[in-house]
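What follows is the residue order along each chain.
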Amino acid sequence: MQYIQGRFEEHAQRFVQSKHDVEQRLKLVTSFRESIEIAHTSEYENFLKCLFPVFANALSEGAPMTVECDEQKIRNVLLEILNRLPNNEVLRPYVNQLLRLVMQILTIDNQENALICLRIIFDVHKNFSPNLESEVQPFINFFINLYKNLPETVQEVFQRKPNRTAISSDGTHVKVLTMSVRSFKVLTECPLIVMLLFQLYPQHVETNIHRLIPLMMRALTIQPPTNLTQQHSQLYSDFIAAQVKTLSFLTYVLRGFADRMQPHQDTLSKCVIQLLLNCPTSSINSRKELLVATRHILATNFRKGFFKKINMMLKEEVLIGQGRAHEIVRPLAYSTLADLVHHVRADLTIEQLSKVIYIFSRNIHDPTLPLSIQTASVRLILTLVDHIYRTQDAKDRGRTLLVRILSALVNKFDTLKDYIPKLIHLVNKKKKRVQAQGHTWTLAYTPRTEEEFPEDSVREVKQLMFTMVFGLKTVVWCISNFRSHSITHSQQRRPIVLDEVECRIVARFLQHGLNCFKIYTLPGFTRSRTQQIEKDVLEHFASVFTVLDPRSFRDVFSVQIETLFNQIVENQRLHMHMLIIPQHFLSSSNVSKAFADILLSFLTKKMKDMAKPSSESPVSLVLLNLFRIVFGSVTLFTENETVLRPYLNNIVSTAMKLIKEVEHPTNYLSLLRFLFRSIGGGKFELLYKEFLPLLPELLQGLMHIQARGPQSIREISIELCLTVPARLSSLLQFIPLLVQAVVLALKAKDEQVIKLGLRTLEFWVDNLNPEYLYPHMCTVLSDLMRALCALLRPHPSPFGVTALSVLGKLGGRNRRFLIEAFNVDNEMSSEQGLLIGMKFAPHHSFQLPMDKLIEYAGKILCKPALSGTSADEDKNAKKQAYLFLRTCMMVMIDRAINVTDSAFMSTLKSFYSEDEKKMDCSDHGDKKGSSDPSEVKSIQPCTSAQNREESDVVRSRSFNAIKEHVFQQLCKYIIIASSDKNLEEDADTKSNKFLLSISLHFSLLFVFMQKNLNQAEVSILDAKVFLDAIVEVMCNENRLWFKAAKATLDSLLDLFVKLLGRDKAGKLPVLAELLSKLSHCCYEDMWEPRHAGCMGLAALCDKMSPSWVRTNQGELIRAFMFTFRDSHSEFAAMTADQANKSLDKVVGISCSQYNEAAQIPDSGSATGSGTKKQDKMSITRALVTILAPELISGIYAVRTCAHRLLGLVSELSGTPVASILNPYRTRLLAPVLQQSLHAVPMSIRIGYISAATYCLSLRPPLVTVNDLLYLLHDAIADVRDDTAQNYAGGIAGRTGRVQLLNRLQVEDIKLMSAALASEDMKKNPTEYQELKNNLIRVFFRSLLSRTPEIVKVAKEGLKKVIDREKLPKELLQQCMRPILLNLADIRKLCMPLLGGLSRLLELLSNCFNVTLGEKLLDHMRKFADPEVLKKMRYDTLENGVTSRMKPEDEVQVAA
């Protein structure tokens, strides 16, 4: 570059002078080209001024070269220099000359130089267009001449020999160059320049386009000699490229000159097809450009020319070609084909549609294609659905095509199901990588691979799913409604049911589609708009199934309902959104009834899974929401009332049963609340009739929950009592119960419950006769009026106006309660339990009462923990409250010691010196504090003058009671504080450590009491107050508090054992006190005290010595057994497991005395043996005396426990149960052996029958069949009589009548089974034959019961009879005749009948012949024909025949 700087004239002169020195001139022009960067500097103008004329002269005067030589290289380099000149204002003066020069060279020079000239022409016109109009037409003329001469050019070029050479002057072979007018490459570049010129100079379009179009169309039709194309492969590729460029130019003029192109419409399409066929495999760019041009043509009306060529376009070897181009151009080729098919779909035949579906279905599953192309293929296929549905075909091949489309899309969901988890993994992997590395910047271009940018794939997958889901509804609808063109018009009215294969495809779509929705669980990719799209996708996904006919829908979802439920639970973040699917089904009139039936059947079987709280278990939450929406569907469609009706009894009964058994019954109460709210309002008469038998047990159970359940569920039970779905006339008999519920509702804390109570009371006052209502109100009148008066508050209270209105409607009766005594709060004494002396001056002091402050601080500790911004304030408040209570606790403990320092220490040391071996306090000192008595801070003696003065004050009994109450409250709050994790972890509080110190203090006090010290000498306060505090906290419903109190009790017992040993610890008087308190808890009505008593007694049994357990075995066994009583209470099942374990342990420890008695040395053979036997009998008698009366208990859990414990006693003692119980036989079975039990209450009667069954089942039996003849005959009558007797006693007597009768029948059948298995029946078959036959008939009859428990025991009893002996043929015929007679008439079919038949087939399969199967098949055919089923219903109504089959049971009977 430095070589030519600043000396342009000299360089120009040297170039001119080297005219005859070719080599020197070549070096000069090469240096000019290498120094062309000078043109971008300020020397550019001088460069052009000096060198441009020289270059132009050399090019214009020089002859064009036809072979490769140095002169050609010089011309080529000079043109390159001109091409690389900057197109700015400096060049403008030379533009016209430059254009004329390159036009001259273009027309006469070779191909290589012409291509450079074309680039120069394009750049010059692009940058200097306004002033070059005169140079436009010459180029267009040159362009036209190329097309005019193209046929001759083709013939000439392809006739030449390939790779032509010539002999130069020096004798070497050189390549012959192609002239520009014979070059296909020149022709390829020209159309683009012409398009630019037409845009820049539109005035030249009209004058030249009419000349160009015919020439170009002729050029497209030219075909080179087929026998010479392989020899000239490169020339052939160039020629095809020129034709493709020509086609692209024609697509450019199509829109503006459609009228001129119209005659060539068919020719144009033929040319495109021919170009696709001719395009070489290696010409990838040409084929891509050809496809782009084709898409442009298809976007115009000229696409009609392709309609006849659709078969050729559907051939992939034509459209895509073969070889390397196959994979590269496939996306563009299929997009082009999709455009074509979209426009011609209305004219496609079935065969063509089948080919299109095959091609694009294969594309959908091709992993090498981008997801965007797969989505486009899905869209195209879906556009064909409507045309296929409307296409008439004699062979009905359209339905097959629709099923193929459905199968292809479902299979794609199957593929996505496996691909989406991998994609989710990549997204999570990238998220972790970004979090670890932070945001990094890079300047280099990074390809957007799936590994680096998985969010792109996520977006495309969502779009693909969106497209498929939205289109499948149409596909399924068309399949379900496809009508064959060969059937009659009347036949078309019948719905089309999907066949088995089609149902399986739909079921697979449900299964795989639900799995694909996992992609919406990805974090970080959801926005408000995206969430709306997700909901839309789910709604359309559900709508796909709503277009099915009800039978097909039932076939699919009866199998897949479990899958739907599991997917809703699995996608926890989406489960509220995924509930749209079942909600959409239930809101669709087409499938709502069928889905409600399927869903209710599924949910009723899963009710036990709702035991855990919804906040902890997604399963519980989903089940509860599904129940809510299925109940809500009853209000949308009246026909769903008949669907809910058969499940109503089961739902309510199961919910009430589980409420009694689970720890957290809130979900079941919420379930009942959803049910009551949905079917309330007086619109569902069938449900109200079904609900009537449930009312007694339901209301009594709800009131029982309110009385004994935790506070958290009491208000819900009140609300349920007041919203039971029944008419007021049906509720009249329950007004006494409901009045109590109204009073409780008015006292509730929930505003909604209060409003409900006011509304209910006002409704009663308005609609019921006062003479009927007010007598029932008198029992609660005082509480009712006080509750109403408490609501009389001004605005903003929402209840004042309504309460005042109710009081006004009551009239004068609203003042009757004023004559009754009021329960007012009173204080025990004006004295305070704890006073703190405050002194502000030497002569000014006063006592500050602390009782109210202690109560307030305790309330702060008892508040539930807050979250959010208030959490820190809540923690600090609880910390300060605890520190205050701890200080008060230490003050009261300090004041409780009333001995001198020396006396106290000497007593402590003397006590420790007695049993130093057993009192290993070293470990205790390491964990709980110092073992040195002088270091025990919590029991330091009082030495202050103020405390001595306090101790001298005479305290009254009331004052001591107040102090003990305050001290008990302090102990309670300290125990509660130990359950707070924050107080335990705080270094300033350490609540657990302080509580251990308190436990140590009281353990020492209790131990001193064992040494016969006077209580007053050790402590003024009763140390047993600490036990009262422990038991009180254990009885609380808060489980965390219970665990803290239980841990305190365990630590206290451990300290007793550590200080005294297990044997001596059992002799502490405090344990007798503790046993009494815990035993009393077991006899309480509420569940919490019972549970606390059971767990406390279990701890005593575990930690105390066996001798202590034996001494107190009677009280322990009775207390544990009582926890089973009232087993219908809500939470008794929670305590049953621990009670059973403890009872087994107590009985085991008691029976361990057998071994000890056996080890007593014999003083004499007869006397020693008698002593051992007497001791053994006394041990057994002590246990049996407690357990035997429990055999006749009316509570199943108590009887079962007694059976198990008696078996344990028998096993450990080696004595049969019958021998153990024989002394109690008369007292135990006297009512059974002497008279009939019909006059005995049913619950007691159940206990007697169970005891008789147990005694008869013993080996040897305690009673004989002859002793129980009256009882067996009564049992037969009970089972045969389905009507309940009318018992007096109001609601309490009627409550649970149905359940009691069922339990009685179960025990009766168990008694019959035991009688049939007894030895008396085997030894005297003739004497008891009639009784035996009657018992067997009862078994057969019970198999048809609607109660599962009765069916179960009857089936077990009959199976045992069949296993023992073969039943007589006559007896079998008598027993099965009623079943077979009812089976013959389809109108008499019902679920109990078919269920009983199923059980008989299982037990007696060899007793039935083929006729039974034929009859069942005949019934199934009738159910499959709607017309026959409709006629059967009509005949039933017309002829007055009573049908046992309920309309809602028809589907279940048919199934």
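Coordinates for the structure precede this section.
Fair warning: this is a prediction, and the values are worked out from it, not measured in the lab.

**Student:** Help me understand the overall build of the protein in this model?
**Tutor:** When its secondary structure is counted, the protein shows 73 helices and four strands. The proportion of buried residues among the 1455 residues of the protein is 50%. Nonlocal contacts in the protein, meaning residues at least 24 apart in sequence, comprise 75% of its contacts between residues at least 6 apart. Summed over all atoms, the accessible surface of the protein reaches about 69500 Å², with 52% contributed by carbon and sulfur.

**Student:** Explain helix α52 (residues 1069–1082) here, please?
**Tutor:** The terminal C-alpha atoms of α52, which comprises 14 residues, lie 21 Å apart, in line with the 20 Å expected from a rise of 1.5 Å per residue. Those residues of α52 that fall on the buried side of the exposure criterion are Val1070, Leu1071, Leu1074, Leu1075, Leu1078, Ser1079, Cys1081 and Cys1082. Taken down its axis, α52 places every buried residue within 165° of arc, on the same side.

**Student:** Mind showing me how you'd approach the packing of helix α11 (residues 233–254) against helix α13 (residues 265–278) here?
**Tutor:** When two helices pack together, their arrangement is given by the angle between the helix axes and the distance between those axes. With their axes 11 Å apart at the nearest point, α11 and α13 run at an angle of 150° to one another. Considering the angle they form, α11 stands roughly antiparallel to α13. Helix-helix and strand crossings are classified by hand; for α11 and α13 the assignment is left-handed. Residues Tyr236, Ile240, Gln243, Leu247, Leu250 and Leu254 of α11 form the contact with α13, whose own contacting residues are Leu268, Val272, Leu275 and Asn278. Looking at the contact of α11 with α13 residue by residue, the classes come out as eight nonpolar, two polar and no charged.

**Student:** For this particular structure, what's the right way to read the nonpolar core?
**Tutor:** Within soluble globular proteins, side chains that are nonpolar generally end up buried alongside one another. With 288 residues, the main nonpolar core has Phe47, Leu106, Phe139, Met465, Phe545, Phe557 and Leu788 as its most contacted residues. A total of 13 residues in this core trace back to one element, the largest contributor, which is helix α21 (residues 397–437). Once residues lying within four places of it in the same chain are set aside, the contact partners of phenylalanine 545 are Val506, Phe509, Leu510, Phe553, Phe557, Phe585 and Val591. By size, the runner-up hydrophobic cluster in this structure holds 164 residues, among which are Leu861, Val1031, Ile1186 and Leu1403.

**Student:** So what exactly am I meant to see when it comes to the environment of valine 475 here?
**Tutor:** Within the secondary structure, valine 475 is located in helix α22 (residues 454–480). Given a relative accessible area of 0%, valine 475 falls into the buried group. The spacing of valine 475 and aspartate 386 is 89 residues in sequence and 8.4 Å in space, taken between C-alpha atoms. Setting aside anything within four residues of it in sequence, one finds valine 475 in contact with Leu382, Val385, Leu402, Ile405 and Leu406.

**Student:** Whenever I open this one, the environment of glutamine 968 confuses me. Can you help?
**Tutor:** By the element assignment, glutamine 968 lies in helix α46 (residues 957–977). On the basis of relative accessibility, which here comes to 18%, the residue glutamine 968 falls in the buried class. Among all residues touching glutamine 968, those that are not within four sequence positions of it are Val1025, Asp1028, Ala1029 and Glu1032. One polar contact links glutamine 968 to glutamate 1032, side chain to side chain, over a distance of 2.9 Å.

**Student:** Whenever I open this one, the packing of aromatic side chains confuses me. Can you help?
**Tutor:** What describes a pair of aromatic rings is the distance from one ring centre to the other and the angle between the planes of the rings. By the definition in use, this model includes 34 aromatic pairs. Judged by centre distance (5.5 Å) and plane angle (50°), the rings of phenylalanine 32 and phenylalanine 55 are tilted. Taken together, the positions of phenylalanine 32 in helix α2 (residues 22–34) and phenylalanine 55 in helix α3 (residues 44–61) put the pair 23 residues apart, joining distant regions of the chain. Neither residue differs from the other here; phenylalanine 32 and phenylalanine 55 are each classed as buried. Considering the side-chain rings of tyrosine 334 and phenylalanine 360, the 6.3 Å spacing of their centres and the 65° angle between planes classify their relative orientation as edge-to-face. One end of the pair, tyrosine 334, is in helix α17 (residues 325–344); the other, phenylalanine 360, is in helix α18 (residues 350–364), and 26 residues separate them in sequence. On the basis of relative accessible area, tyrosine 334 is assigned to the buried category, the value being 2%. For phenylalanine 360, a relative accessible area of 1% translates into the label buried.

**Student:** Would you explain the side chain of aspartate 1308 in this entry?
**Tutor:** Looking at the element boundaries, aspartate 1308 is found in helix α65 (residues 1297–1316). For the buried aspartate 1308, no salt bridge exists, and the shortest N-O distance to an oppositely charged side chain is 5.6 Å, to arginine 1245. Apart from the residues lying within four places of it in its own chain, the contact partners of aspartate 1308 are Ile1249, Ala1275, Asp1278 and Val1279.

**Student:** Explain a nonpolar patch on the surface here, please?
**Tutor:** On the surface, a cluster of nonpolar side chains totalling about 310 Å² of accessible area is made up of Phe840, Phe846 and Leu848. Tracing the backbone shows leucine 848 in strand β4 (residues 844–849).

**Student:** So what exactly am I meant to see when it comes to the environment of valine 476 here?
**Tutor:** Looking at where valine 476 falls in the secondary structure, it is placed in helix α22. Here valine 476 falls in the buried class, since its relative accessible area comes to 4%. Between the C-alpha atom of valine 476 and that of glutamate 502, which follows or precedes it by 26 residues, the distance is 9.7 Å. Not counting residues within four places of it along the chain, the set of residues in contact with valine 476 comprises Leu406, Val544, Val547 and Leu548.

**Student:** Sorry, what's going on with the pattern of salt bridges here?
**Tutor:** A side chain of one charge can pair with a side chain of the opposite charge if their charged atoms are brought near each other. Tallied over the entire structure, the rule returns 40 salt bridges. Note that arginine 390 and aspartate 386 form a salt bridge whose closest N and O atoms lie 3.1 Å from each other. Of this pair, arginine 390 and aspartate 386 both sit in helix α20 (residues 385–390), four residues apart, which is roughly one turn of the helix. For arginine 390, a relative accessible area of 58% puts it in the exposed group. Note that arginine 727 is salt-bridged to glutamate 685, the shortest N-O span being 2.0 Å. Taken as a pair, arginine 727 in the loop between α34 (711–722) and α35 (728–731) and glutamate 685 in helix α32 (residues 685–691) lie far apart in primary sequence, 42 residues in all. Residue classification places arginine 727 among the partly exposed positions, given a relative accessible area of 32%.

**Student:** Help me understand the packing of α13 against helix α14 (residues 284–298), please; the structure alone is not making it clear to me.
**Tutor:** In the contact formed by α13 and α14, the axes pass within 11 Å of each other and the chain directions differ by 155°. Considered as vectors, α13 and α14 are oriented roughly antiparallel to each other. For the element pair α13 and α14, the recorded crossing hand is left-handed. Across the interface between the two elements, Leu268, Val272, Leu275 and Leu276 from α13 touch Arg287, Leu290, Leu291, Thr294 and Ile297 from α14.

Basis of the calculations
Residues numbered from 1 in each chain as written. Predicted model: local features only at pLDDT ≥ 70, side-chain atom pairs only at ≥ 80, totals over all residues. Heavy atoms only, no water. Helix = DSSP H or I, 4+ residues; strand = E, 2+ residues; numbered from the N terminus. Buried < 20%, exposed > 50% of the residue type's maximum accessible area, 1.4 Å probe, protein only. Contact = heavy atoms within 4.5 Å. Areas by Shrake-Rupley, 256 points an atom, 1.4 Å probe, with all protein chains shown as cover. Expected span 1.5 Å × (residues − 1). Arc of directions from axis to C-beta. Axes fitted to C-alpha atoms, helices over the stretch in contact; angles between N-to-C directions. Parallel < 35°, antiparallel > 145°, perpendicular 65-115°, else oblique. Left-handed = near helix turned anticlockwise from the far one by under 90°. Nonpolar A, V, L, I, M, F, W, Y, C, P; charged D, E, K, R; others polar. Core = buried A, V, L, I, M, F, W, Y, C linked by side-chain atoms within 4.5 Å. Polar contact = N/O pair within 3.5 Å; in protein donor to acceptor, adjacent residues only side chain to side chain. Phe/Tyr/Trp six-rings, centres within 6.5 Å; stacked < 30°, edge-to-face > 60°. Lys, Arg positive; Asp, Glu negative; His and termini not counted. Salt bridge = Lys/Arg side-chain N within 4 Å of Asp/Glu carboxyl O. Patch = residues over 30% accessible without salt bridge, like charges linked within 9 Å, V, L, I, M, F, W, Y side chains within 5 Å.

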